[in-house]
Amino acid sequence: SNWSATHSAMPSLYFEPDSTDAVGQVIAFMHAAGQKLRVVGSALSPNGIGLSDGAMINMAQCSKILSVDPERRQVTVQAGARVSEVVEALRPHGLTLQNYASIAEQQI
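Residues numbered from 1 in each chain as written. Predicted model: local features only at pLDDT ≥ 70, side-chain atom pairs only at ≥ 80, totals over all residues. Heavy atoms only, no water.

J.: Can you walk me through the overall build of the protein in this structure?
T.: Helix and strand content of the protein: two helices and five strands. Taken from the N to the C terminus, the helices and strands of the protein come in the order β-α-β-β-β-β-α. Across the 108 residues of the protein, 25% fall into the buried class. Contacts in the protein between residues at least 24 apart in sequence constitute 49% of all its contacts with a sequence separation of at least 6. Accessible surface, the protein as shown: approximately 7,100 Å² in total, 51% of it carbon and sulfur. (Helix = DSSP H or I, 4+ residues; strand = E, 2+ residues; numbered from the N terminus. Buried < 20%, exposed > 50% of the residue type's maximum accessible area, 1.4 Å probe, protein only. Contact = heavy atoms within 4.5 Å. Areas by Shrake-Rupley, 256 points an atom, 1.4 Å probe, with all protein chains shown as cover.)

This is the structure we're talking about:
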């Protein structure tokens, strides 16, 4: 369910891969099965748009900050990185996000 418990789902399959290779395996499996796959974040949406009774993949375990390039003012992160983690990785470089989310636990 979402954070406010106003929406819930009973996914037929639920994946939480811990590497980009595992993500690729899940996608290949779902493609071969001809099934849709919905990416779910930290369930902070006030509506049910991120939920599905079909297959879902949660990227929470793929949350690494891969690189920060202060000269280009660019950060590369995995899909499960939370806004708070990204901001903390940027801080030592004198950078921040241009559009800072009001809920820092949101995933990118």
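J.: So what exactly am I meant to see when it comes to the environment of Ser42 here?
T.: Tracing the backbone through its elements, the reader meets Ser42 in the loop between β2 (37-40) and β3 (55-58). Between the alpha carbons of Ser42 and Asn58 there is a distance of 8.1 Å; along the sequence they are 16 residues apart. Other than its neighbours up to four places away in sequence, Ser42 contacts Arg82, Glu105, Gln106 and Gln107.

J.: Help me understand the packing of aromatic side chains in this model?
T.: Aromatic rings in a pair are described by how distant their centres are and how their planes are angled relative to each other. Here the structure, examined in full by the defined rule, presents one aromatic pair. Taking the centre distance of 6.4 Å and the plane angle of 70 degrees together, the rings of Phe15 and Phe29 count as edge-to-face. Here the residue Phe15 occupies a position in strand β1 (residues 13-15), and Phe29 occupies one in helix α1 (residues 20-33), the gap between them amounting to 14 residues. On the basis of relative accessibility, which here comes to 48%, the residue Phe29 falls in the partly exposed class. (Phe/Tyr/Trp six-rings, centres within 6.5 Å; stacked < 30°, edge-to-face > 60°.)

J.: Looking at this model, I keep getting lost on α1. Mind explaining?
T.: Since one α-helical turn is 3.6 residues long, residues separated by three or four positions face the same way. Helix length check: α1 (14 residues) gives 20 Å between terminal C-alpha atoms against 20 Å at 1.5 Å per residue, within 8%. Buried within α1 we find Ala22, Val23, Val26 and Met30. Projection of α1 onto a plane perpendicular to its axis shows the buried side chains occupying an angular sector of 105 degrees, all on one side. Exposed side of α1, more than 90 degrees from the buried face: Thr20, Asp21, Gln25, His31 and Ala32 are the residues found there. Directly beyond the C-terminal end of α1, a positive phi value near 70 degrees is found at Gly34. (Expected span 1.5 Å × (residues − 1). Arc of directions from axis to C-beta.)

J.: When you look at unusual backbone geometry in this model, what are you seeing that I'm missing?
T.: Among all residues except glycine, the phi angle is most often negative; among peptide bonds, the trans geometry is most common. Positive phi, close to 55 degrees, is recorded for Arg73, a residue that is not glycine. Secondary-structure assignment places Arg73 in the loop between β4 (65-69) and β5 (74-77).

J.: Which parts of the structure should I look at to understand the sheet that holds β2?
T.: Strand pairs in the sheet, formed through backbone hydrogen bonds, run parallel or antiparallel to each other. Taken in spatial order, the three strands of this open sheet run β1-β3-β2, and their pairing is parallel. Every interior strand has two partners, whereas the edge strands, β1 and β2, have only one. Across the sheet, the axes of successive neighbouring strands diverge by a mean angle of 25 degrees, strand direction being ignored. Each of β1, β2 and β3 touches α1; the most contacted strand, β1, lies at about 160 degrees to it. (Pairing = 2+ DSSP bridges. Axes fitted to C-alpha atoms, helices over the stretch in contact; angles between N-to-C directions.)

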